[in-house]
Amino acid sequence: MDDLLSKIAGGYNYIAYITIMMIGLYAVIAKRNLVKKIIGMSIFQTAIILFYISIGAKKGATIPILMHDHGPEAAEHAIKAADYINPLPHVLMLTAIVVAVATLGVALSLAVKVYQRYGTLEEPEIQDQINKS
Amino acid sequence: MSEQLPAFIIVAPLIGACLIFIAGFTRRGLCYPLAMVSMVVALGSSIGVLHQVLVDGPLIYKLGGWDPPWGIVYNVDALNALVLAVVAAVALVNLVASRQFIDAQPFYRIGAFYALYILAVTGLMGMVITGDVFNLYVLLEIASLTGYALVAMGDDRAPLSALNYVLVGTIGASFYLLGVGFLYAMTGSLNMVDIAQRLPGLYGSTAVFAAFVMIMVGIWFKAAFFPLHSWLPNAYTYAPPPSAGLLAPLMTKVMIYVMIRMMLTVFTPAYSFSFGLLNQVVVWLAVIAIVAGAIMALAAKDFKRLLAYIIVSEVGYMVGGAWLGNRLGMTGSMLHLVNDAAMTLCVFLAAAALSFRLKDTKLTSFQGLFKTMPFTMGALVIGGLSIIGVPPTCGFFSKWYLISAGIQAGAWGYIAALLFSSLVNLILFFKIFEIAYFEPFSAHGHGHDNGGHGQVSALAVREAPAQVVVPLVVTAIGLVVLGLYSKELVAGVIDLGLPLGLK
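The residue count restarts for each chain, going from 1 along the sequence in the order it is written. To label them, take the chains in the order written and letter them from A, then take the ligands in the order written and number them from 1. With pLDDT at 70 or above as the cut-off, local features in this predicted model cover only qualifying residues; side-chain atom pairs require 80 or more to be listed or tallied, and sums for whole chains, interfaces and linings still use all residues. Remark: hydrogens and water are excluded; side-chain values derive from all non-hydrogen atoms of the structure.

Caption draft 1: How the structure looks around the side chain of B:Ser486. Checked against the element boundaries, B:Ser486 lands in helix H21 (residues 486-497). Aside from chain neighbours lying at most four places away, what touches B:Ser486 is B:Leu335 and B:Phe397. We count a stretch as a helix when DSSP gives it H or I for four or more residues in a row; a strand needs E for two or more, and each element gets its number in order from the N terminus. Any two residues whose heavy atoms approach within 4.5 Å are treated as being in contact.

Caption draft 2: Examining the interface of chain B and chain A more closely. Of the residues lining the interface, 28 residues belong to chain B; the matching set on chain A comes to 34 residues. Summed over both partners, buried area is the accessible surface (1.4 Å probe) that two parts give up on being assembled. Counting each side, the surface lost to burial between chain B and chain A is near 2700 Å², with a carbon and sulfur contribution of 81%. The largest contributions to the chain B side of the interface with chain A come from B:Leu163, B:Leu167 and B:Tyr184, which together make up 21% of the buried area. Salt bridges are counted wherever a side-chain nitrogen of Lys or Arg sits within 4 Å of a carboxyl oxygen of Asp or Glu. In this assembly, chain B and chain A are joined by 0 salt bridges. Tallying contributions element by element places helix H6 (residues 158-187) of chain B first for the side of chain B that touches chain A, with 17 residues. When residues are grouped by polarity, Ala, Val, Leu, Ile, Met, Phe, Trp, Tyr, Cys and Pro land in nonpolar, Asp, Glu, Lys and Arg in charged, and all others, Gly among them, in polar. Along the lines of polarity and charge, the residues of the side of chain B that touches chain A split into 21 nonpolar, 3 polar and 4 charged.

Caption draft 3: The confidence of the model for chain B, seen in detail. Residues and elements named next belong to chain B. pLDDT expresses, on a scale from 0 to 100, how confident the predictor is about each individual residue. Averaged over every residue, the pLDDT of chain B is 87; residues scoring 70 or more account for 96%. For chain B, the element scoring lowest by mean pLDDT is helix H19 (residues 454-458), at 46; helix H5 (residues 133-152) scores highest, at 93. In the model, residues 444-457 has pLDDT below 50 throughout and makes 10 contacts with residues more than four positions away in sequence or in other chains.

Caption draft 4: How the structure looks around the packing of helix H17 (residues 394-409) of chain B against helix H18 (residues 412-437) of chain B. Residue and element names in this part refer to chain B. With axes taken as lines fitted to C-alpha atoms, and helix axes fitted only over the stretch in contact, angles between N-to-C directions fall between 0 and 180 degrees. Running from amino to carboxyl end, H17 crosses H18 at an angle of 155 degrees, the nearest separation of the two axes being 8 Å. Our classification of the angle between H17 and H18 gives roughly antiparallel. Crossing handedness for the pair H17 and H18: left-handed. Here Lys399, Leu402, Ile403, Gly406 and Ile407 of H17 come into contact with H18, specifically with Trp412, Tyr414, Ile415, Leu418, Leu419, Ser422 and Asn425. By residue class, the composition of the contact of H17 with H18 is 8 nonpolar, 3 polar and 1 charged. Here roughly perpendicular refers to angles of 65 to 115 degrees, roughly parallel to angles under 35, roughly antiparallel to angles over 145, and oblique to all remaining angles. Each crossing gets its hand from how the near helix is turned against the far one by less than a right angle, where anticlockwise is left-handed and clockwise is right-handed.

Caption draft 5: Representation of the pattern of salt bridges. Inspection of the entire model under this criterion finds 7 salt bridges over all chains. The partner of B:Asp67 in a salt bridge is B:Lys62, with the nearest N and O atoms 3.1 Å apart. Between B:Asp495 and B:Arg327 there is a salt bridge whose closest N-O contact spans 3.3 Å. Highlighted residues: B:Asp495 in helix H21 and B:Arg327 in helix H14 (residues 327-357), separated in sequence by 168 residues. Salt bridges sharing common partners tie together A:Arg32, A:Lys37 and A:Glu123.

What follows is the structure, encoded as structure tokens:
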């Protein structure tokens, strides 16, 4: 039992992102409303951003800005990697956020076009109209 | 100058797309010439790079002069130089055929269409050339987002199909991104070669295995590998002909190449083929994909939908061939990738040409087409024979490699599926030819009202515009040429790109 608890405490970030990811996946698969599906897709992407951010984090470390002078003497200070969090996952996620925003924009504009065409965003009702025509 | 060629492949279409977008608002007449220029530069550079690679061996291009593990590099070997040339050539041929259709569109769509088209090509070529796993994700999303928009430009059910494509495609890309995250957490690197050097010590790790599976599943989503194919049929059926002509031959094929790249370069064959059971399961999944694609194609009433299901089946060929785990299978898979891009382009261009003269692409409206559209149907016959796998068209040779690889690996189910699918393709295409050649032609629905003499004038030749038919005929001839030179292609290019360790 203690073993399990310590596992959960040690990897709670992973449990959190998997849970969020599954909520998103559930919405994409099970929801019948197109906008709800799009929201699910967005949640799914956000969960992965959370995963990346969490693997860059460190206890007791600071943001990766060197806290010494900017002159020639700055190079003389030894830089301990352990004192700084890893900035790379954050930088990657800036790109991924841009991609996620663009995807959301495309998806929502398509939802608008679907609504103009069928007058509804409920999948069963759209399916009915397609079957009738 | 020539050492900068790999950058031109990406930079020329990227800048071209931006200029086209601006020209779309101010000088609409410039859009098409700009698109042509950027595609010609991209094709010229890729052929130049292919030549360099064949003469001097694999090359590494450092973007901005940053050294590999930190900066982004382009790694070009014989395999991706070949795929680059194929992507550029297919996109250029289809661009020529697109003009007639796009000029008939509302004016505000012209600039947007060409900009999206060129940007999609940038994304596809970037995915092939890049040596950085995260860069690949970004380019994958560029190609996908433009692809969604290109599909949505169609009428009727296109927006709904595109939205479905967005949902499924984004889930797929996210799986890939998650796999990359696992790899980064384990190795601390994003450079493909660097990861491959750091991985051997970690081969036993569950996280690396999870990364491998996640990346493969993500790629399979995008490549429409059978259980994950649900987005493909509707998207390609309702997409406007120029978009379908770009995406159908290239999107799935480029993803198959990315899968092969991941298996060979990042995880190396030593790791990819080390799971006896998993490898067999994937080959059996490919068998199911081939058979299911063939059966669904049999049930299709619409020509474009039929072609879309054939693609599902062909993806099964290539995934199965790559996972057989021998050199012959990988060769067959790469050769089929090249051939299938050309074959799919040929049949989709034929569908585009038909859409100029027919109101819909239902199979029942094909009556009398051999008389009215002889060139289009002639090209379709060559395309069809190639998909069936009749020599000397190229489809035969890649299928031969795949079947030989299946015999070598003892994968009898895979061989049976290949033969079954060839047989179904035979039925499918001869059903089309029979309707188009033998069934009595009725002038009804074709706009002819000549009364009793309708038969005579209805049988007059009414070809699609030359701008569509010429690229189509060139592609059809290309299928035969590719077939005749397939031995040289395998020995001179593909074999150089495969790692020596792969037996």
